[in-house]
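Structural overview
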Amino acid sequence: MSLYDKLPYTAKQLMDFDISSFTSDKLVAHLEGGSFSEIYRDENFTVIMFRLEQGEVSKFHRLYQTTEEWLLVDGSLSVVKVDNKSCRIVEKRVEIGQRHTMIGNMDRWSEWFGAYIPDHSTVLTYCICHPPFLYENFETIKEERIIQKILNRNPTYRHLITNLSGKTD
């Protein structure tokens, strides 16, 4: 069962609106890149609307004790995950109406993940977090040794890794 299926009815109602009415002035910059607006929060869930414009990326980040599910409502997105054990890159394309879930363990950090726009679209997605999103349970990749380890295991992804880590090639 997905996080969306577990949401209370009131949250699903808030998510059921005309996305063309969602304007830029309702969004603020996010630490991982892109922009967002929180549209629902209770003791179990947070739902945000997250947008990436062409040229923006969702930088590598991870969550502690939190599961995050993306439900794409506009555009297409390539989600890039770094396996914690092997440091290998796994990439998945997500299209409108599809979901992508990053499972967070309740006793440790999730895998590093980020995303980019593979075509010329703007991406609009709901992000559902359980338990509710807290900035103290969120971090972007900063340590050069981690970035270097990922680069060493995935040399053909050099440009992508540097882009999603916020570094320059």
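Before reading further, recall that the structure is shown in the block above.
The paragraphs below set out a description of the structure included in this document.

Thresholds, definitions, all that
Residues numbered from 1 in each chain as written. Predicted model: local features only at pLDDT ≥ 70, side-chain atom pairs only at ≥ 80, totals over all residues. Heavy atoms only, no water. Helix = DSSP H or I, 4+ residues; strand = E, 2+ residues; numbered from the N terminus. Buried < 20%, exposed > 50% of the residue type's maximum accessible area, 1.4 Å probe, protein only. Polar contact = N/O pair within 3.5 Å; in protein donor to acceptor, adjacent residues only side chain to side chain. Phe/Tyr/Trp six-rings, centres within 6.5 Å; stacked < 30°, edge-to-face > 60°. Pairing = 2+ DSSP bridges.

**Quick look at the side chain of Arg51**
- Along the chain, the position of Arg51 falls in strand β3 (residues 46-52).
- Among the residues examined, Arg51 registers a relative accessible area of 15% and is labelled buried.
- A polar side-chain atom of Arg51 sits 3.0 Å from a polar atom in the side chain of Glu53.

**Considering the packing of aromatic side chains**
- What the rule picks out here adds up to 5 aromatic pairs.
- Ring geometry for Tyr135 against Phe138: centres 6.0 Å apart, planes inclined by 85°, an arrangement best described as edge-to-face.
- According to the relative accessible area criterion, Tyr135 is partly exposed, its value standing at 38%.
- Among the aromatic side chains, those forming a connected cluster through ring pairs are Phe50, Trp70 and Phe113.

**Digging into unusual backbone geometry**
- Looking along the chain, the bond that leaves His130 and enters Pro131 is cis, with omega of -10°.
- As for its position among the elements, Pro131 is in the loop between β10 (123-130) and β11 (138-140).
- Residues other than glycine seldom take positive phi values, yet Gln65 does so here, at roughly 55°.
- Phi at Cys87 is positive, roughly 65°, even though this residue is not glycine.
- Structurally, Cys87 can be placed in the loop between β6 (77-82) and β7 (89-94).
- Of the residues examined, Cys87 reaches a relative accessible area of 8% and is grouped as buried.

**Here we look at the pairing of strand β2 (residues 35-41)**
- Judged from the 2 bridges that link them, strand β1 (residues 28-29) and β2 form a sheet pairing that is antiparallel. What sits directly across from Val28, in β2, is Phe36.
- Hairpin connection, β1 to β2: the antiparallel pair is bridged by 5 residues, and Gly33 has positive phi, about 110°.
- With 6 bridges connecting them, β2 and β3 associate as antiparallel partners. Within β3, the residue paired with Ser35 across the bridge is Arg51.
- Where β2 hands over to β3, the hairpin turn is made up of 4 residues, counted between the paired strands.

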